[in-house]
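Below are the chains, spelled out letter by letter.
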Amino acid sequence: MASVTPGTGGTIKSTTAEGQAHEILSFISLKQLSEVTNPGQVTNVLTSHDQQALLFSGTYQFSVTQAIDGSGNLTLSVNPYLVGAGFQEGTGGTFKGNTPEKYALEVLMHLQNLERNPSLNPSSRNYVTGTYNSDTGLYQGSFSLPVIFNLDAGSGNVNYGADPYLL
């Protein structure tokens, strides 16, 4: 389990990076359905839950602006496309992205970094992929994250949650 700190007062509540990825990608998927929050009808995040395989999978694509800061470091900044999504990053959390799109790419890149660490990923799982193409200005990839699935007998609600895979 890749422990992280959710921002106080933030939209995303999970205390694992895997859970935060599940939450933020689901959040974006829901906001993309509304003409109010997604007036351009952009579908840069496509998701699906496979109940049989216990997987939350999909693809993502974010338009980014590339720059070099005053110290010579390459920076990528996500260009948001959702409007008035009601997202709050919170304060004091691990991730600082102040829009859902920025937050999502930060979490996904964090998972990619953790997956490369053999001590945190001894099974060498590669559930998150991503590449940046400087010619097109797109950072895109895919994810296939394990989930826990259950039915709440009291309410009848179907619940999905991330099943942490990193140590």
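Structure: see above.
Just so you know, these numbers come straight off a predicted model, no measurement behind them. (Residues numbered from 1 in each chain as written. Predicted model: local features only at pLDDT ≥ 70, side-chain atom pairs only at ≥ 80, totals over all residues. Heavy atoms only, no water.)

## Here's the deal with the overall build of the protein
Next, step 1: Helices and strands together make up the secondary structure of the protein, namely 2 helices and 6 strands.
Next, step 2: Counting from the amino terminus, the protein carries its helices and strands in the arrangement α-β-β-β-α-β-β-β.
Next, step 3: Its C-alpha atoms give the protein a radius of gyration of 16 Å, near enough to 15 Å, the size a compact globule of 167 residues would have.
Next, step 4: Judged by the C-alpha coordinates and their principal axes, the protein covers about 55 × 45 × 30 Å.
Next, step 5: Burial status across the protein gives 36% buried among its 167 residues.
Next, step 6: Put simply, 50% of the contacts in the protein that link residues at least 6 apart link residues at least 24 apart.
Next, step 7: Accessible surface for the protein amounts to roughly 8700 Å². Of this, 52% is attributable to carbon and sulfur atoms.
Next, step 8: Put simply, the protein has 6 plus and 12 minus side-chain charges, and the middle of one group is 6 Å from the middle of the other. (Helix = DSSP H or I, 4+ residues; strand = E, 2+ residues; numbered from the N terminus. Rg over C-alpha atoms; globule rule 2.2 N^0.38 Å. Buried < 20%, exposed > 50% of the residue type's maximum accessible area, 1.4 Å probe, protein only. Contact = heavy atoms within 4.5 Å. Areas by Shrake-Rupley, 256 points an atom, 1.4 Å probe, with all protein chains shown as cover. Lys, Arg positive; Asp, Glu negative; His and termini not counted. Charge placed at Lys NZ, Arg CZ, Asp CG, Glu CD.)

## A look at helix H2 (residues 100-115)
Next, step 1: The first and last C-alpha atoms of H2 sit 22 Å apart over 16 residues, in line with the 22 Å expected at 1.5 Å per residue.
Next, step 2: Among the residues making up H2, those that are buried are Pro100, Glu101, Tyr103, Ala104, Leu105, Val107, Leu108, Leu111, Gln112, Leu114 and Glu115.
Next, step 3: Residues of H2 that are buried make contact with helix H1 (17-32), strand S2 (55-68), strand S3 (74-78), strand S4 (128-133) and strand S5 (138-151). (Expected span 1.5 Å × (residues − 1).)

## Side note on H1
Owing to its 3.6 residues per turn, the α-helix aligns residues three or four sequence positions apart on the same side.
Next, step 1: In this model, H1 (16 residues) spans 22 Å end to end at C-alpha, consistent with the 22 Å of a helix rising 1.5 Å per residue.
Next, step 2: Where H1 is concerned, the buried positions are Ala17, Glu18, Gly19, Gln20, Ala21, His22, Ile24, Leu25, Phe27, Ile28, Ser29 and Gln32.
Next, step 3: Looking at the buried positions of H1, the neighbouring elements they touch are strand S1 (45-50), S2, H2, S5 and strand S6 (158-162).

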